[in-house]
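Next come the chains, spelled out residue by residue.
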Amino acid sequence: MKTTNIHLHPGQVNLAQLRRIYQAPIELSFEPQVLEKMNTSQAIVQGIVDQDTVVYGINTGFGKLASTQIPHDRLAELQRNLVISHSVGTGTPIEANTVRLILAMKAVSLARGHSGVRPELANALLALANANITPIIPSKGSVGASGDLAPLAHLACVLIGEGLAKTSDGSLVSGKQAMALIGLEPFVLQPKEGLALLNGTQVSTGLALSGLFGAENVFAAALVAGALTLEAIHGSIKPYDARIHEARGQAGQIAVAKAVRELLDGSEIIPSHANCGRVQDPYSIRCVPQVMGACLDNLAHAAKILQIEANAASDNPLVFENGDVISGGNFHAEPVAFAADIIALAVSEVGAISERRTALLLDTGLSGLPPFLVKDSGVNSGFMIAQVTSAALASENKSLAHPASVDSLPTSANQEDHVSMATFGARRLGDMVNNTAVVVGIEAMSAAQGIDLKRELKSSDLVEAQFDAIRSKVAFLESDRFMADDIEAMRLWAHQDTWPDVLLNILPSHSSSL
């Protein structure tokens, strides 16, 4: 039975829950004891204000202006001005499903009880997510330290009745209207609340999680495509023998080899050519466990980092139960930048090896199939130029995979002299995943064509089910036709998340439970 609500436990939100929030609106809530921690934290901040103690972020300016003390009667103005002045993002708005995830993570971060804000703020963020009302957040303008300032400012604008939001039916409304739709008046921010909303890594993390979930989908699609290709060329299953991979000991490699064996279990095609005399397949077939296993290990590592960050108190300063308020740097998104770069490498490699298998299928000397997978080749070009598209996108991904984390430009008059560039690093994953979805989709439909061209026996039940799903989207290519629609259909096929359990069980966000 599908989960209809999630009780969020700050510090313990898992990847499966994050994926579920990302996929579609779901009712989110906190347990009452969570809000008690926030009340305690907020009371400490209020005590500092009442005692007129000078503490950064509570009654001072920000960044280079941290030494400027702000009088009591201007503290609300300070917080509002902070939000308005930082709303300087540009570019295409972040997609609603990612914004919904950002709302949830920002609420979780505040609910850790280290931010010194009212529980009402965190509850309002959840109310927006529950109503699927998503602030319009421009995708560009953050360097990933001091937090995702500009994008989170656009989110915070809605809470104070400014900016824009998108409703569940796609309509644009003002921030004030968005608040009214969840039954609230715009907030007048209290000391530290504006800063707590703006400081944090939730936008970088949300974009990186979106990239991770997409990477998992195309990873699974690539294993299916690889199995189809192996069957189409009558490749050998021997390199997937468990003993080979256990002798090396790499966890991802072992898991991938097992998943492919289970995908192909029961195939009639594999035993039919056991004595064909073919000694070895090219690396793109033979080394799928080694290459895809390494990709899986990297995705798993990145997933672990992002799950931690999704639960993190990442604003500044942080408030502790004994009354200490300490200024640090948890807003620096370097862990997210590294995680995004690791995902980028994996996504690029998944596409790179898939493109090589497509090229193999089209090469009659290697595959034993008709040139370019079409009858009457010469008159017909078949899949020739589809492979060119695949090569173009695989190559583009190699450029996009350049690490974002190695770059930095100082900001705020050199006060913030080293930044993470995590937001771009995470944002570019969307383009990369989409490119790889096209590459893998082209391989899968090419492999289906290859199987049909010499169809005598059936593959396994799991592979035949995927073959049928492909054929429901893309017909056999009898002669040249307009293929752009076929490629788009296969891109969407590669983006799905409803893969066989033998694949889902090895993916990080599916192997943790709701």
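The text that follows walks through the structure, step by step, so that each part is easy to find. Please read all numbers here as calculations on a predicted model, not as lab measurements. (Residues numbered from 1 in each chain as written. Predicted model: local features only at pLDDT ≥ 70, side-chain atom pairs only at ≥ 80, totals over all residues. Heavy atoms only, no water.)

Quick look at helix α17 (residues 384-400)
Line of reasoning, step 1. For α17, built from 17 residues, the straight-helix expectation of 24 Å at 1.5 Å per residue is met to within 8% by its first-to-last C-alpha distance of 25 Å.
Line of reasoning, step 2. All of the buried residues in α17 are Ala 386, Gln 387, Ser 390, Leu 393, Ala 394 and Asn 397. Buried positions in α17, seen along its axis, are confined to an arc of 125° and lie on one side of it. Residues Ile 385, Lys 398 and Ser 399 are exposed on α17 and point more than 90 degrees away from its buried face.
Line of reasoning, step 3. The inward-facing, buried residues of α17 abut α15 (334-362), α18 (422-453) and α20 (484-495). (Helix = DSSP H or I, 4+ residues; strand = E, 2+ residues; numbered from the N terminus. Expected span 1.5 Å × (residues − 1). Buried < 20%, exposed > 50% of the residue type's maximum accessible area, 1.4 Å probe, protein only. Arc of directions from axis to C-beta. Contact = heavy atoms within 4.5 Å.)

Let's talk about the nonpolar core
Line of reasoning, step 1. Within the largest apolar cluster, 157 residues are counted, with the highest numbers of intra-cluster contacts made by Phe 30, Phe 219 and Trp 493.
Line of reasoning, step 2. At 19 residues, helix α9 (residues 202-232) tops the list of elements feeding residues into this core.
Line of reasoning, step 3. Apart from the residues lying within four places of it in its own chain, the contact partners of Phe 30 are Leu 8, Pro 10, Leu 35, Ala 107, Val 108, Ala 111, Ala 122, Asn 123 and Leu 126. (Core = buried A, V, L, I, M, F, W, Y, C linked by side-chain atoms within 4.5 Å.)

Some details on the pairing of strand β1 (residues 5-8)
Line of reasoning, step 1. Burial of the side chains of β1 is restricted to one face: Ile 6 and Leu 8 are buried, whereas none of Asn 5 and His 7 on the reverse face is.
Line of reasoning, step 2. As paired elements, β1 and strand β2 (residues 27-30) share 4 bridges and run parallel to each other. Along β2, the bridge assignment pairs Leu 8 with Phe 30. (Pairing = 2+ DSSP bridges.)

Considerations on the side chain of Arg 100
Line of reasoning, step 1. Mapped onto the elements, Arg 100 comes out in helix α4 (residues 96-111).
Line of reasoning, step 2. Buried charge without a partner: Arg 100 forms no salt bridge, and the closest opposite charge is Glu 95, 9.3 Å away.
Line of reasoning, step 3. Not counting chain neighbours up to four residues away, the residues in contact with Arg 100 comprise Ile 21, Tyr 22, Gln 23, Ala 24, Pro 25, Ala 129, Asn 132 and Thr 134. (Lys, Arg positive; Asp, Glu negative; His and termini not counted. Salt bridge = Lys/Arg side-chain N within 4 Å of Asp/Glu carboxyl O.)

Quick notes on the sheet that holds strand β4 (residues 134-135)
Line of reasoning, step 1. Across the sheet, which stays open at both edges, the 3 strands sit in the order β4-β6-β7 with antiparallel pairing between neighbours. What marks the edges here is a single partner per strand, and that holds for β4 and β7 (172-174).
Line of reasoning, step 2. Note that β4 and strand β6 (residues 164-166) share 2 bridges and pair antiparallel. Looking at the pairing, Thr 134 lines up with Lys 166 of β6.

Some words on the packing of aromatic side chains
Line of reasoning, step 1. Under the defined criterion, the tally for this structure stands at 2 aromatic pairs.
Line of reasoning, step 2. Look at Tyr 22 and Phe 213: their rings are 5.4 Å apart centre to centre, the planes differ by 50°, and that puts the pair in the tilted class. Of this pair, Tyr 22 sits in helix α1 (residues 15-23) while Phe 213 is found in helix α9, placing the two residues 191 residues apart along the sequence.
Line of reasoning, step 3. Using a relative accessible area of 14% as the deciding quantity, one classes Tyr 22 as buried.
Line of reasoning, step 4. With relative accessibility at 2%, the residue Phe 213 sits in the buried group.
Line of reasoning, step 5. Aromatic side chains Trp 493 and Trp 499 sit 5.1 Å apart centroid to centroid with 90° between the ring planes, which places their arrangement in the edge-to-face category. (Phe/Tyr/Trp six-rings, centres within 6.5 Å; stacked < 30°, edge-to-face > 60°.)

Digging into the environment of Gln 415
Line of reasoning, step 1. With respect to the helices, strands and loops of the structure, Gln 415 is situated in the loop between α17 and α18.
Line of reasoning, step 2. A residue is classified by how much of its surface remains accessible, and Gln 415, at 44% relative accessible area, is partly exposed.
Line of reasoning, step 3. Between the C-alpha atom of Gln 415 and that of Asp 341, which follows or precedes it by 74 residues, the distance is 26 Å.

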